[in-house]
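Summary of the model geometry
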Amino acid sequence: MKKVNKILKKRNKKHANSQNIDLFIKSIFLKRSIFLLVMLLLVLVALVVRLGYIQFVQGNKLSTEAYKQQTKSLVISPKRGIIYDANGKILARSTAVSTISVNPNKIFYSNDTVVSNELLAKKFSELFDLNYDDVFKDLTSKSSVVTVAKKVSLDKSDELKKWLLENDITSGINIDEDTKRSYPYSTLASHLIGFCGSDNQGLEGLESEWDSTLSGTSGRIVTTTDVKHNIISDENEQYVPAENGSDIYLTIDVNVQSTVEKYLKQAVEENKADSGICIIMNPTNGDILSMANYPTFDLNTPFTPNTKDLKKKWNKLSADDQAKEIYAMWRNPAVSNGYEPGSTFKIVTSAIALEENLVGTDSTTFTCNRKIRVGENEISCWAKAAHGTLTLRKALEKSCNPSFVQIGLKIGTNRFYKYLDSFGLRGNTGARVAGEASGYFHDKSKCTSINLATMSFGQRFTITPLQLITTVSSIVNDGKLMQPRIVYKTVNSDTKVTTNLEPIEIRQVISEETSAKVRSMLESVVTDGTGSYASITGYTIGGKSGTSEPPRGKESEGYVASFISVAPIDTPQAICLVILKHPRGHSHQGGTVAAPITSQIMSEVLPYLGISSSASSKNKKDLISLTDVTGKKYSEAVKILKKNGFTVVNQAKTDNYIVSSQYPKAGISLEENSIICLYDENTNTKTVETPNLKGLSLYEVKTKLHELNLNIEIDGSGKAISQDISPGTKVEEGTIISVSFRSSGGGQ
């Protein structure tokens, strides 16, 4: 019994222990369950928060990224605009070409046989004039795609297509459409026009300056794609067409430009000069008719050295030096390079002094003793002998430096700088040509007497050729400063809408009276001064020579010889500036070296532009036939005569009458602005004495005759040498005086 109880006690104890273990296990399980439940809840909360963040915070961003992954945008390149000259001749255009590329690991025949890399390399090198080893290296590379040739002409890409077909090559070679900028006239106006890069973006010249107008706006096609980026047909496909670039029309005339470049090249070579520049401008509207530099370069191969010397040393230059030489070759000196204008700037000094009433053309005198002292400095005249006493006209004719030093000091710093700013010489012209620089002058607050003295005759400061011709144009254009214009209209190549860029008058700088006085003196420079070699038979020419010496310490740069020519001098329609840098021929003086070039150029350009010769008025095509206005009311007669271009002088005491007679008589042909005298029946004819015209310029002759109500018939150009009616003879007002002119012979 005791043994049984003992066994039962053990069992009960074991059972109790078992129950305790079960309770313990259950307790642990419960705690773990609670922990897991809490963790699960936390995870769920975190997921909810994350989903909310994704939905509300990152929703737009992720939606955009998904859209990008599921769509494909194809760029449609616009067609670049054409550059035309003033007459519609193409100077720059884009032509269709191809870009050839290969996928080295995907080149197969139609029967899946791998094409020989040697065969392909040979064909590519022969067809596109490439190095065989370089092509073979590309074809055996691990790249997914390799560009073999860019800007390939269509005939060569067509030949490649034919060869691929003949050899059953069906994939791995890509022939993509592209465009290439081409320049039909190669080197013509190269510095002005500029060129494009391989991506058809303008890099230099007008191609760069007007890039936003020429380039247009790219279009695109947006489509839906699957995970493998295959296009899925979708009615929501978006098509945005490209906006092609606009065409631009230049004021440059190909024929004028060709003439200028022909003579400029000849002048540089004959005078052994480093380089040459020529600009022709119409002063009435600011149109640039020609802008040339020599040496030039080929726009179709702009990275090729352009001179024999550069080609000879090219391979010996470092990469950096080659880059510097190429950039220098592209630089447009006519607008980017400052130079000392020398005596051509005396035109500006003269205009300032006249406008400020500080001098008269023929009344005020100056003294030239060969040298003049300014402070501790001595300035010499270019001439070997002293000029003595000179008027302003004679000082300009002889280009006397001491005289202009006296004029400059009389003007003073404040007035001088006021006009520099008014002429726009301390800023750029606004011509919209690439790389335009502005003038460099002494700081006004630090401008000393010697600075002002040298500036008065065009030295120790720099301006660009474009700035000089723009300033002189304003002086001879009745004082009106016009903004230079190189593009006169743009045409939208899609809509054909034309935008005209009208001439812009910036400001009135000097008076018409001052302008007329300066023109008169410029004519004297050609007829009696250092500009005699600029004369042209049959035309009234004005101008000024310039010879600037190199700054101290830079003697190796040499002299700069220049001449600026104006025609016709009484009503200027063309101005020509020629500059030769460092001429090393028979002379370095502008009047001897540069003036003859302006004569050669203008003698061809003026007739081409339709600017009539003033010689032999009897043979001029633009003479106006005088209408008979007798028997008409005075007011009606005036309307008729003025409409025909005549100037009317009323010889009667009233303007309410019937015209009984006129002089000159009807039926003869006269120049524009000729004087017609009208009389009533109660008024007698009026007479005057003919003046002595010998030795006067055309401007002076016209002025003197018109003051006396007399008309002129012109024969020749230069100074008056004879007249058909002797001085002192009494003639009726309106009489035509026939005057013969002849030019007289270079210098500074």
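Look up: the structure comes first, before these words.
Below is a short write-up of the structure. Here the structure is a predicted model, which is why all the values come from computation and not from measurement.

The next subject is unusual backbone geometry. Residue Pro 568 is bonded to the preceding Ala 567 through a cis peptide linkage, with omega at -20 degrees. For Pro 568, the location among the structural elements is in the loop between strand S23 (560-567) and strand S24 (574-581). The residue after Tyr 663, namely Pro 664, is reached through a cis peptide bond having omega 5 degrees. Looking at the secondary structure, you find Pro 664 in the loop between strand S27 (661-663) and strand S28 (669-670). Phi is positive for His 582, close to 55 degrees, though the residue is something other than glycine. Exposure remark for His 582: the relative accessible area of 16% places this residue in the buried category.

Attention shifts here to the packing of helix H19 (residues 512-528) against helix H23 (residues 698-707). For any two helices packed against each other, one specifies the crossing angle of their axes together with the interaxial distance. Where H19 contacts H23, the two axes come as close as 8 Å, and the packing angle between them is 130 degrees. On the basis of their axis angle, the class for H19 and H23 is oblique. Taking contact as the criterion, the partners of Ala 516, Lys 517, Ser 520 and Glu 523 in H19 are, on H23, Leu 698, Tyr 699 and Glu 700. Partitioning the contact of H19 with H23 into residue classes produces three nonpolar, one polar and three charged.

We now examine helix H17 (residues 449-456). Counting buried positions over the eight residues of H17 gives six, a clear majority of the element. On the buried face of H17, the contacting elements are helix H13 (346-355), strand S15 (371-374), strand S16 (377-380), helix H15 (401-411) and helix H16 (413-422). Positive phi appears at Gly 458, one or two residues downstream of H17, with a value of about 85 degrees.

Another aspect to go through is the pattern of salt bridges. Scanning the model with the defined rule gives 23 salt bridges in all. Between Glu 700 and Arg 393 there is a salt bridge whose closest N-O contact spans 3.4 Å. With Glu 700 in helix H23 and Arg 393 in helix H14 (residues 392-398), this pair connects stretches of sequence that are 307 residues apart. When sorted by exposure, Glu 700 lands in the same class as Arg 393, which is buried. Sharing partners across several salt bridges, the network here consists of Arg 80, Arg 181, Glu 207 and Asp 211.

Ranked by internal contacts, the top residues of the largest apolar core, which has 95 residues, are Phe 423, Leu 466 and Ile 486. By size, the runner-up hydrophobic cluster in this structure holds 32 residues, among which are Val 256, Val 260, Ala 561 and Ile 597.

The strand order across the open sheet built from three strands is S26-S29-S27, with neighbouring strands paired in mixed fashion. Two strands lie at the open edges of the sheet, namely strand S26 (647-650) and S27, each paired on one side alone. Within the sheet, the average angular offset between the axes of one strand and its neighbour, ignoring direction, is 25 degrees. Here S27 runs beside strand S29 (residues 675-679); their pairing, made up of three bridges, is antiparallel. The residue bridging Tyr 663 from the neighbouring strand is Cys 677, located in S29. Sheet strands touched by helix H22 (residues 634-643): S26 and S29. Its angle to S26, the strand with the most contacts, is close to 155 degrees.

Let's shift gears to the sheet that holds strand S13 (residues 287-294). Here we have five strands laid out as an open sheet, ordered S13-S12-S24-S23-S22, and antiparallel in their pairing. Whereas interior strands pair on both sides, the edge strands pair on one side only; in this sheet they are S13 and strand S22 (542-548). Looking at each pair of strands side by side, their axes are set apart by 10 degrees on average, direction ignored. Bridging between S22 and S23 involves seven bridges; their strand directions are antiparallel. Paired with Gly 542 across the bridge in S23 is Val 566. Contacts from helix H9 (residues 254-270) reach strand S12 (275-282), S13 and S24 within the one sheet, and its direction differs from that of S13 by about 30 degrees.

The next point concerns the environment of Ala 385. Of note, Ala 385 is situated in the loop between S16 and strand S17 (388-391). Note: C-alpha distance between Ala 385 and Asn 369 (16 residues apart in sequence) is 8.1 Å.

Cut-offs and rules
Residues numbered from 1 in each chain as written. Predicted model: local features only at pLDDT ≥ 70, side-chain atom pairs only at ≥ 80, totals over all residues. Heavy atoms only, no water. Helix = DSSP H or I, 4+ residues; strand = E, 2+ residues; numbered from the N terminus. Buried < 20%, exposed > 50% of the residue type's maximum accessible area, 1.4 Å probe, protein only. Axes fitted to C-alpha atoms, helices over the stretch in contact; angles between N-to-C directions. Parallel < 35°, antiparallel > 145°, perpendicular 65-115°, else oblique. Contact = heavy atoms within 4.5 Å. Nonpolar A, V, L, I, M, F, W, Y, C, P; charged D, E, K, R; others polar. Salt bridge = Lys/Arg side-chain N within 4 Å of Asp/Glu carboxyl O. Core = buried A, V, L, I, M, F, W, Y, C linked by side-chain atoms within 4.5 Å. Pairing = 2+ DSSP bridges.

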